Amino acid sequence: MKQDRLQQIEKYVKTHGKASMEELTAYFAVSPITIRRAVKELAERGALMKVYGGVMAATPLPPIPASPGDAGVIGQIAASLVEDGDFVFLDEGPLVAQMVPYLTLKKDLTLITNSLAVLNAAVNLYTLNVICPGGKLQQSTRTLVGSPQDAFHCRRAFISAESASVEYGAANSNFYSGVAKRVAMEGSDESYLLLDHAGFCSQSYNTFAKLSAFRGIVTDKHPPQRIVQHCMENDIRICCTL
């Protein structure tokens, strides 16, 4: 009986993305304390994420055979969001470049990138179709800037940042890099922010996007509670290891 209820609550939240405690109490016709206990147990299992006043679904992901904090974890999670036939933009940075080996498992995939790290990772992977728009080499970030990226329309963009916060959004310390990120996001149907957990505890000065501009945040640990609450309120997916 208890196990059935837990499974039903988990299924309900994952179907709806999020739910308040009152909503769950009314829907399942049980006492508030029963719902609180069930939510606590599901959160401890990693099936759901507790937020202020309710609960939200933890994005289901394939098993990740690496330890939290490893850039490969974030790269593999992000790659799992790509679908066959996608046209995607890959931004600068080691977290984004770590996606590349896992993308060889996809079919009919086209990558747009201005990142030398991504190009280097893809150079011997002949199953990938890779397009580099060109531009001026910026040695500090190992990217090509000022390129005509706005000529492309992508299904998904995977964007890196040095820091992220509710107040200042996604930020980095390089103005030209930030411009390239904005252009890529504007030319994509949806964007995902790639950031390790340390980025939630730091602050860079060049904000290039609000968090609400992203479909999801891909990271290696659950973000701070304030970030989680903001994501719940703005329908932003949190994709991380559990």
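Residues numbered from 1 in each chain as written. Predicted model: local features only at pLDDT ≥ 70, side-chain atom pairs only at ≥ 80, totals over all residues. Heavy atoms only, no water.

### Overview of the sheet that holds strand S10 (residues 163-165)
Move 1: Across the sheet, 3 strands lie side by side as S10-S11-S13; this open sheet has antiparallel pairing. Each edge of the open sheet is held by one strand with a lone partner, namely S10 and strand S13 (206-209). Across the sheet, the axes of successive neighbouring strands diverge by a mean angle of 35°, strand direction being ignored.
Move 2: Where S10 meets strand S11 (residues 169-172), 3 bridges bridge the pair, whose relative direction is antiparallel. Paired with Ala 164 across the strands is Ala 170, a residue of S11.
Move 3: Packed onto the sheet, helix H8 (residues 175-186) meets S11 and S13 and runs at close to 10° relative to S13. (Pairing = 2+ DSSP bridges. Helix = DSSP H or I, 4+ residues; strand = E, 2+ residues; numbered from the N terminus. Axes fitted to C-alpha atoms, helices over the stretch in contact; angles between N-to-C directions. Contact = heavy atoms within 4.5 Å.)

### Some thoughts on the nonpolar core
Move 1: Ranked by internal contacts, the top residues of the largest apolar core, which has 27 residues, are Phe 89, Ile 159, Leu 193, Phe 208, Phe 214 and Ile 217.
Move 2: Of all the secondary-structure elements, those providing two or more residues to this core are strand S9 (154-160), H8, S13 and helix H9 (225-233).
Move 3: Of all the elements, H9 adds the most residues to this core, at 4 residues.
Move 4: In contact with Ile 159, other than residues within four places in its own chain, are Phe 89, Asp 91, Lys 181, Ala 184, Met 185, Tyr 192, Leu 193, Leu 194, Phe 208 and Phe 214.
Move 5: Grouped together as the second largest cluster of nonpolar side chains are 25 residues, Ala 78, Val 88, Met 99 and Val 100 included. (Core = buried A, V, L, I, M, F, W, Y, C linked by side-chain atoms within 4.5 Å. Buried < 20%, exposed > 50% of the residue type's maximum accessible area, 1.4 Å probe, protein only.)

### Re the environment of Arg 45
Move 1: Relative to the elements of secondary structure, Arg 45 occurs in helix H3 (residues 32-45).
Move 2: Look past the residues within four positions of Arg 45 in its chain and what remains in contact with it is Gln 3 and Leu 6.

### A closer look at the packing of helix H1 (residues 2-16) against helix H2 (residues 21-28)
Move 1: Across the interface, H1 lies against H2 with an axial gap of 12 Å and an inter-helix angle of 125°. The angle between the axes of H1 and H2 places the two elements in the oblique class. Remark: the crossing between H1 and H2 carries right-handed chirality. Contact residues: H1 offers Gln 8, Ile 9, Tyr 12 and Val 13, while H2 offers Glu 23, Leu 24, Tyr 27 and Phe 28.
Move 2: Across the contact of H1 with H2, the residue classes break down as 6 nonpolar, 1 polar and 1 charged. (Parallel < 35°, antiparallel > 145°, perpendicular 65-115°, else oblique. Left-handed = near helix turned anticlockwise from the far one by under 90°. Nonpolar A, V, L, I, M, F, W, Y, C, P; charged D, E, K, R; others polar.)

### A short note on the sheet that holds S9
Move 1: The strand order across the open sheet formed by 7 strands is S6-S5-S4-S9-S12-S14-S15, and the pairing between neighbours is parallel. Each having just a single partner strand, strand S6 (129-131) and strand S15 (237-239) make up the two edges of the open sheet. Averaged over neighbouring strand pairs, the angle between their axes works out to 25° when direction is ignored.
Move 2: Pairing of strand S5 (residues 110-113) with S6, which is carried by 3 bridges, proceeds in the parallel orientation. Looking at the pairing, Thr 110 lines up with Asn 129 of S6.

### Observations regarding the confidence of the model for the chain
Move 1: Residues with a pLDDT of 70 or more make up 86% of the chain, whose mean pLDDT is 84.
Move 2: Taken together, the stretch residues 60-69 has pLDDT below 50 and engages in 17 contacts with residues farther than four places along the chain or on a different chain. (pLDDT = per-residue confidence, 0-100.)

### Notes on H9
Move 1: What H9 keeps buried is the set Ile 227, Val 228, Gln 229, His 230, Cys 231 and Met 232.
Move 2: Remark: Asp 235 follows H9 within two positions and exhibits a positive phi of approximately 55°.

### A look at unusual backbone geometry
Move 1: Located in the positive-phi region is Ala 29, a residue other than glycine, with phi close to 55°.
Move 2: Relative to the elements of secondary structure, Ala 29 occurs in the loop between H2 and H3.
Move 3: A positive phi angle, near 50°, is found at Asp 108, a position not held by glycine.
Move 4: When you line up the elements, Asp 108 lands in the loop between helix H6 (100-103) and S5.
Move 5: On the accessibility criterion, Asp 108 (68% relative accessible area) is exposed.

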